[in-house]
Each structure stands twice: as C-alpha cells, then as structure tokens.
Amino acid sequence: MIKLVGIDFDGTMSDTVGMVLETYRDAVSPFAGHILSDEEIARGFGMTEEGMMKLIIPEHSKEAIETFYELFRKTPIVACPGIRELT
C-alpha cells in the first residue's frame, strides 16, 4: 500500500525561481529599507529562508519569514512559468 508520494516541483515540473525571488523580495524589502536585488537574495541561496533573512535583516527576520510564508501560500503554482506536461 502506498502511503506517501513526494513530488519535486521546483526545477522538475516547474521553474519556480522567479516566484521565489519575487515573494522573498516582497516579504523582505520593507524590512530592509530598499528593494532587494536578485544578487542580494542569491547570496543566501543554500540556506533556509530563515537563514537568508537573518543574513539580511537579523532584527526583523521573524516578521519577514511570517510575511514570506503568507505571501508564498497565496501565490498560485499555476502562475509559475514552465509547468511541463506530464506524459
């Protein structure tokens, strides 16, 4: 009996990097006091979202992570370019 099926969406079925960058920028920029560039965000790639936020805005990382997850939940996956047809 199958109890769990996992699907790796990011980079497999969809290219969500643009969505993540936009959502991260929208969540963190107000706390940083400027609009974050892709390069600023990319410096934290490899870390968790929380780790990335602690790097850029240590004093507001808790509020920013809550904002990030709230915005991310509201972003429909169909908005991501590159959804590949399953065959």
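This is a predicted model, so every value here is computed, not measured.

Calculation notes
- Residues numbered from 1 in each chain as written.
- Predicted model: local features only at pLDDT ≥ 70, side-chain atom pairs only at ≥ 80, totals over all residues.
- Heavy atoms only, no water.
- Core = buried A, V, L, I, M, F, W, Y, C linked by side-chain atoms within 4.5 Å.
- Buried < 20%, exposed > 50% of the residue type's maximum accessible area, 1.4 Å probe, protein only.
- Helix = DSSP H or I, 4+ residues; strand = E, 2+ residues; numbered from the N terminus.
- Axes fitted to C-alpha atoms, helices over the stretch in contact; angles between N-to-C directions.
- Left-handed = near helix turned anticlockwise from the far one by under 90°.
- Contact = heavy atoms within 4.5 Å.
- Parallel < 35°, antiparallel > 145°, perpendicular 65-115°, else oblique.

Student: Is there a simple way to explain the nonpolar core in this structure?
Tutor: Considering soluble globular proteins, one finds that nonpolar side chains tend to be buried as a cluster. Formed by Leu 21, Tyr 24, Ala 27, Val 28, Leu 36, Ile 41, Met 52, Met 53, Ile 57, Ala 64, Ile 65 and Phe 68, the largest nonpolar core amounts to 12 residues. The dominant element in this core, judged by the number of residues it contributes, is helix α1 (residues 17-32), at four residues.

Student: Where do I start with the packing of α1 against helix α4 (residues 61-74) in this structure?
Tutor: Two quantities define a packed helix pair, namely the angle between the helix axes and the distance between the axes. The N-to-C vectors of α1 and α4 enclose an angle of 145°; their axes lie 9 Å apart at closest approach. The element α1 and its partner α4 pack so that their crossing is right-handed. Contact residues: α1 offers Met 19, Val 20, Thr 23, Tyr 24, Asp 26, Ala 27, Val 28 and Phe 31, while α4 offers Glu 63, Ala 64, Thr 67, Phe 68, Leu 71 and Phe 72.

Student: Where do I start with the side chain of Thr 23 in this structure?
Tutor: Along the chain, Thr 23 falls in helix α1. Among the residues examined, Thr 23 registers a relative accessible area of 5% and is labelled buried.

Student: When you look at the packing of α1 against helix α3 (residues 49-56) in this model, what are you seeing that I'm missing?
Tutor: Contact geometry of α1 with α3 gives a least axis separation of 11 Å together with a crossing angle of 25°. In terms of axis orientation, α1 runs roughly parallel to α3. Where α1 crosses over α3, the two elements pack in a sense that is right-handed. Residue-level inspection shows Tyr 24, Val 28 and Ala 32 of α1 in contact with α3, the latter providing Glu 49, Met 52, Met 53 and Ile 56.

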